[in-house]
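Per-entry structural report
Read off the chains here:
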Amino acid sequence: MKIISFAIGRPVTIVMLMVAMVLFGSIAFQRLPINLLPDITYPTLTVRTEYAGAAPNEIENLISEPVEEAVGVVSGVVRVSSVSRPERSDVILEFEWGTNMDFAGLDVREKIDLLNLPQAAAKPILLRFDPSLDPILRIALSGDESLTALRIMAEEEIKRELESLEGVAAVKISGGLEEEIHVELDESKLASLGISITQVANRLQQENVNLTGGTIKDGESEYLVRILNEFQNVNEIGDIIIGQVNNIPIILSDVSQVAMSHKERKVSTRINGKESIEIAIYKEAGSNTVSVAKGVKDRLETVKANVSGIATGVDMEIVFDQSTFIEQSVNEVLMTALYGGILALLVLFLFLRNSSTLIIGLSIPISVVTTFFFLYAFDVSLNIMSLGGLALGIGMLVDNSIVVLESIDRYRRRDDISGDEAAYRGASEVGQAVIAATLTTVCVFVPIVFVEGIAGQLFRDLALAVTFSLVVATLVAVTLIPMVSSFMGRQ
């Protein structure tokens, strides 16, 4: 075979090729993203519409059915379903596998914009279902401050700092007490004065606004005019005039009590039995969980210093970290693959009991490290599936090298053949068989790449890892092994 004769005749070239393969693989390994599972993207879109105060029947008739009819004609849609709940409609669109969801989202948005929904309904939003949308970090904020102060601190200080980080999609705050101004009306006084609750609501809405008042020109200067009328404190709210009775103005505080309070609590968060604020960190789709979590944890050190300068006795604790579980799982698979490689070398040494073990042992690290380069080139992350494929392939990596080396060793025992000739004849004799055997295994795994659905997305990384490692191991077996064997035969 020409490749074998080339490897024996150009040892420096082969050595440099192997060094380059290991170098590229090492660099790629450092840049490979780490995830628990492969990127699983469901071809699904959800159209969510909020309609305050509407019952499920009205939601279905006024929102869900019109949306279903509008988006059902989008190209690639295979199934449309909806869920109508009080005050909310969810229309779920399922697309064919392989559909470009970015373009599908644009088509759906175009259809939704043509709808005539009730004016009181909120503008429909598109949600893309993705299992990675679970929070990657949960942080508990607790301390001696009030729950209201902690909530304000989380929203105005911590949230702004963390949302600016690369890879962070959203920071959601839950728990604590949200500030809210309560206007408790005295219905009996309103009835005696002939003022309706609607009139009071309208006056509050009319007063609490900032408006533009046009422009004023003064020579070459031009000034913008604004009418500032937003409430600055609670007392200003109580002083607004809501009507007149016998030409006597009635202010809001005459018929109500205005006080600063908090919204009705729907979520209560506790840590170690003490109420706290939960800060949930969500990563962007396609970003790396481990790197995003590391960036957030690094920024938290700065945030803690800033918070300590504002208030004392405030504690921030990470109560859930998805990246830790991912790193532990990936490291366990890596260690399993490492132990498997060591055991393979020990078994070879027990059977061969000579320096041939070292020659064959070269094929394992070279094949594994070079595989990382191809994984990086094909956008495959380090996850339990891709590393599982490597661990599965480690036992097969040395098969080709053993066959080639044994064939070479058989010729080396003959006195009438030189080391170079023995390496060439032995490797050439089994070279085609080794390549054919590798291709039969590759033909089993490669078709998995073309499987559609969850199975294809889940096992694609495993199939590529096994394929790349076997192909590289075969290349090593027909180039490096004959070259090293010929060199040792000259000694």
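For the structure, check the block above.
Residues numbered from 1 in each chain as written. Predicted model: local features only at pLDDT ≥ 70, side-chain atom pairs only at ≥ 80, totals over all residues. Heavy atoms only, no water.

So, the pairing of strand β10 (residues 241-245)
Where β10 meets strand β11 (residues 248-251), four bridges bridge the pair, whose relative direction is antiparallel. When the bridges of β11 are listed, I241 appears paired with I251. Turn length for the β10-β11 hairpin, with the two strands adjacent in sequence and antiparallel, is two residues, and the turn residue N246 shows positive phi of about 55°. (Pairing = 2+ DSSP bridges. Helix = DSSP H or I, 4+ residues; strand = E, 2+ residues; numbered from the N terminus.)

Observations regarding the nonpolar core
Counting 53 residues, the largest nonpolar core has M18, V368, F372, L375, V404 and L480 as its most contacted members. Within the residue set of this core, elements represented by two or more residues are α1 (2-9), α2 (11-31), α11 (322-352), α12 (356-361), α13 (363-377), α14 (384-412), α15 (419-445) and α16 (454-489). In terms of residues, this core owes the most to one element, α16, which gives 16 residues. Apart from the residues lying within four places of it in its own chain, the contact partners of L480 are I14, M18, L362, I366 and L475. Listed in part, the 26 residues of the second largest apolar core include L162, V292, A293 and V303. (Core = buried A, V, L, I, M, F, W, Y, C linked by side-chain atoms within 4.5 Å. Buried < 20%, exposed > 50% of the residue type's maximum accessible area, 1.4 Å probe, protein only. Contact = heavy atoms within 4.5 Å.)

Structural notes on the pairing of strand β5 (residues 137-143)
Counting buried positions along β5 gives six out of seven residues, so the element sits mostly inside the fold. Examined bridge by bridge, β5 and strand β14 (residues 274-283) share five bridges and lie antiparallel to one another. In the sheet register, A140 faces β14, and the bridge partner there is E278. Here β5 runs beside strand β15 (residues 314-321); their pairing, made up of seven bridges, is antiparallel. Across the sheet, the residue bridging to R138 is F320, located in β15.

Overview of the packing of aromatic side chains
As enumerated under the stated definition, the model contains five aromatic pairs in all. Judged by centre distance (5.9 Å) and plane angle (35°), the rings of F24 and F373 are tilted. Placement of F24 in helix α2 and of F373 in helix α13 is noted, with a sequence separation of 349 residues between them. (Phe/Tyr/Trp six-rings, centres within 6.5 Å; stacked < 30°, edge-to-face > 60°.)

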